[in-house]
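The primary structure of each chain is shown beneath.
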Amino acid sequence: MARKTTIRNDDDEPDEPEKSAREGIGSGRGTTRDGGGDEPDQQRYDDELRPSRLEDVVGQKAVVERLRILLDATKRRNEPLGHLLLDGPPGLGKTTLATVIPRELGTELQITAGPSLSAPKDLLPYLTNAAYGSVLFIDEIHRMPPAVEEFIYPAMEDFRVDITLGDGLNARTINMKLQPFTLIGATTRSGMLTAPLRDRFVNREHLDFYTDEELATIVTRNSRKLRTEICPEAAQEIAIRSRGTPRKTNNWLRWTRDYADVRANGKITLEVARAALKMKGVDDAGLEEQDRKYLHTIMHVFAGGPAGVQALGHTMNIPADTLEDEVEPFLLREGFIQRTPRGRMITAKAMAHLGISQKQNPKHPRSGSENPDQRELFD
Ligand code: ADP
């Protein structure tokens, strides 16, 4: 069944149709979200604090500026917006932008996700229900099966679908016209998109990690929404430990609020924020248990690397996809690991962070293993 929702322009209170869009997302997802918690809860949390207008979106300045131009031009010409691909690690605002855009255009939004479209027939209702200029958002679009992907090409290009009826000698294809609509695709893996699909998106935007200042702004704004008092130093502390990701920021803010309510007088001070995050195992660089386990595995099981992501996944008992999507992007950006053609390598910065001396690295000559002749190079 297609889920259709109308985005209103007055966004004080979410109305019923909006709720159905949220349910659409929740039921359509096949992977877990970062930031802990089970999926429906995470979805509800995300929706509660999601900015509803483009002006409320913090950071991503260049992307927002380009989108504003596209939206203004679309409104002036009264034409549907060109298809848009949003890519970037989880929790950076792809769904947020996809929900803000139709609201800005005053048009309808339908939401689904790649893993829930197992055959063309699953996509058909969304396409036939799409009104002129409306938006169809497909999250995790890289996980659509090839048959669905091929089915969507003519829909994107010529606003028609080719439906095959019957099979064998009796098979015939009928064409069905669709209303011109906008497809917004979101992916954490633009590299996994086939070239024909990628090329059909006339607009492509990449979302990058946020600065600590931007995340601190999000903490301050959302603490008002949650009616929680927080001091600026605590907001900064939560921001620094959020791995550049607003979803983390919001999750840590909620957790510190709960902690403050139970262990303090409800106000989030710097001490309260630090104690709350320590209890969650978040260190001062924002690394969590899973990140440290990943680094220790490279260090101790693979002698500092190189290690392939599949091998790391098997050793840690975590899907390689999860490592690639949720763990590695931040570690790479912060210089805790390096990606080489032979695999992932631990860096000196990560070893210093974990409190491991260079000499404990089995690859280090002083540890007595390989290349004793080169010892002096390391001293
Ligand atoms: P993605 O779809 O990329 O996984 P979401 O759009 O669901 O990420 O974002 C997760 C949460 O982070 C949202 O609910 C929202 O509260 C917050 N968020 C994301 N981007 C921003 C932003 N630019 N400004 C403010 N909050 C944001």
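The shown structure was predicted, so the numbers you read here are calculated from the model rather than taken from an experiment.

Visitor: Where do I start with the overall build of the protein chain in this structure?
Guide: Of regular secondary structure, the protein chain possesses 16 helices and ten strands. Sorting the 379 residues of the protein chain into buried and exposed places 40% on the buried side. Taking the contacts inside the protein chain whose residues are at least 6 apart along the sequence as the reference set, 66% of them involve residues at least 24 apart.

Visitor: Where do I start with the packing of helix 5 (residues 120-129) against helix 6 (residues 146-158) in this structure?
Guide: The relative placement of two packed helices comes down to the angle between their axes together with the axis-to-axis distance. Axis separation between helix 5 and helix 6 bottoms out at 9 Å; the angle between their running directions is 30 degrees. Comparing the axis directions of helix 5 and helix 6 gives the class roughly parallel. Considering how the two elements wind past one another, helix 5 and helix 6 form a crossing that is right-handed. Of the residues in helix 6, those in contact with P120, L123 and L127 of helix 5 are A147, V148, F151, I152 and A155. A class-by-class count of the residues in the contact of helix 5 with helix 6 yields eight nonpolar, no polar and no charged.

Visitor: Sorry if this is basic, but what is going on with the site of the ligand here?
Guide: In the vicinity of the ligand there are 20 residues, among which D46, G93, K94, T95 and T96 approach most closely. At the level of elements, helix 2 (39-49), helix 4 (94-105) and helix 10 (246-263) are the ones that each hand at least two residues to the shell around the ligand. Grouping the constituent residues of the shell around the ligand by class yields nine nonpolar, seven polar and four charged. Residues lining the shell around the ligand come from more than one domain, with at least three contributed by each of domain 1 (4-206) and domain 2 (212-279).

Visitor: Would you mind going over unusual backbone geometry with me for this structure?
Guide: Backbone geometry follows two general trends: most residues other than glycine have a negative phi, and most peptide bonds adopt the trans configuration. Cis geometry is found at the peptide bond from G305 to P306, where omega equals 5 degrees. Here P306 shows up in the loop between helix 12 (289-301) and helix 13 (309-316). Positive phi values are uncommon outside glycine, yet N78 reaches one of about 55 degrees. If you trace the backbone, N78 turns up in the loop between helix 3 (61-77) and strand 2 (84-87). You will see that A303, though not glycine, has its phi angle at about 55 degrees, which is positive. Tracing the chain through its elements places A303 in the loop between helix 12 and helix 13. Here A303 falls in the partly exposed class, since 17 other C-beta atoms lie within 10 Å of it.

Visitor: Explain the nonpolar core to me, please; I cannot follow it from the model alone.
Guide: Side chains of nonpolar character tend, in soluble globular proteins, to be buried together. Grouped together as the largest cluster of nonpolar side chains are 34 residues, with contacts concentrated most on L86, A98, I101, L123, L136, F137 and I184. When residues of this core are traced back to their parent elements, those giving at least two are strand 2, helix 4, strand 3 (108-113), helix 5, strand 4 (135-139), helix 6 and strand 7 (182-187). Counting residues in each nonpolar core, the second largest holds 22 residues, with F209, A216, V219 and L277 among its members.

Visitor: Quick question: what am I supposed to make of the packing of helix 12 against helix 14 (residues 320-333) here?
Guide: Where helix 12 contacts helix 14, the axes come no closer than 11 Å and their chain directions differ by 80 degrees. One element, helix 12, and the other, helix 14, form an angle in the roughly perpendicular class. Within the contact between the two elements, helix 12 uses Q290, D291 and Y294 and helix 14 uses L323, V327 and L331. Of the residues in the contact of helix 12 with helix 14, the class split is four nonpolar, one polar and one charged.

Visitor: Even after reading the chapter, I still don't get the environment of L117, so can you show me in this structure?
Guide: Counting through the fold element by element, L117 comes out in the loop between strand 3 and helix 5. Given 25 C-beta atoms within 10 Å, L117 falls into the buried group. Residues L117 and A147, 30 residues apart in the sequence, show an inter-C-alpha distance of 9.9 Å. Those residues in contact with L117, other than ones at most four positions away along the chain, are T112, D122, L123, M144 and V148.

Visitor: Explain helix 4 here, please?
Guide: Because an α-helix completes one turn every 3.6 residues, residues spaced three or four positions apart along the sequence face the same direction. Compared with an ideal rise of 1.5 Å per residue, which puts twelve residues at 16 Å, helix 4 spans 17 Å between its outermost C-alpha atoms and is within 8% of the ideal. Most of helix 4 is tucked away, with twelve of its twelve residues classed as buried. Of all the residues in helix 4, the buried ones are K94, T95, T96, L97, A98, T99, V100, I101, P102, R103, E104 and L105. Taken from the residues just after helix 4, G106 is the one with a positive phi, measuring 65 degrees.

Calculation rules
- The numbers attached to residues start from 1 for each chain and follow its sequence in the written order.
- With the structure being a predicted model, the display of local features is reserved for residues of pLDDT at least 70 and the display and counting of side-chain atom pairs for 80 or more, all residues being used for whole-chain, interface and lining totals.
- Going along the chain from the N terminus, every DSSP run of H or I of four or more residues is numbered as a helix, and every run of E of two or more is numbered as a strand.
- Three classes are used. A residue is buried when 20 or more other C-beta atoms lie within 10 Å of its own, exposed when 12 or fewer do, and partly exposed in between, with C-beta atoms placed from the backbone.
- Any pair of residues counts as being in contact when their C-beta atoms, constructed from backbone geometry, are within 7 Å of one another.
- To get an axis, fit a line to the C-alpha atoms, keeping to the stretch in contact for a helix; angles then go from 0 to 180 degrees between the N-to-C directions.
- An angle counts as roughly parallel when it lies under 35 degrees, as roughly antiparallel when it exceeds 145, as roughly perpendicular when it falls between 65 and 115, and as oblique in every other case.
- Here a crossing is taken to be left-handed if its near helix is turned anticlockwise relative to the far helix by less than a right angle, and right-handed if that turn runs clockwise.
- Following the grouping adopted for this structure description, the nonpolar residues are Ala, Val, Leu, Ile, Met, Phe, Trp, Tyr, Cys and Pro, the charged ones are Asp, Glu, Lys and Arg, and the polar ones are all others, Gly among them.
- Only the C-beta atom matters for nearness: placed from the backbone, it must lie within 6 Å of the molecule or strand for the residue to count as near.
- These domain limits were set by an automatic method or by a database of domain assignments.
- A set of buried residues qualifies as a nonpolar core if it consists of Ala, Val, Leu, Ile, Met, Phe, Trp, Tyr and Cys joined through C-beta atoms within 7 Å.
- Given a helix with a known number of residues, its expected span is that number minus one, times 1.5 Å.

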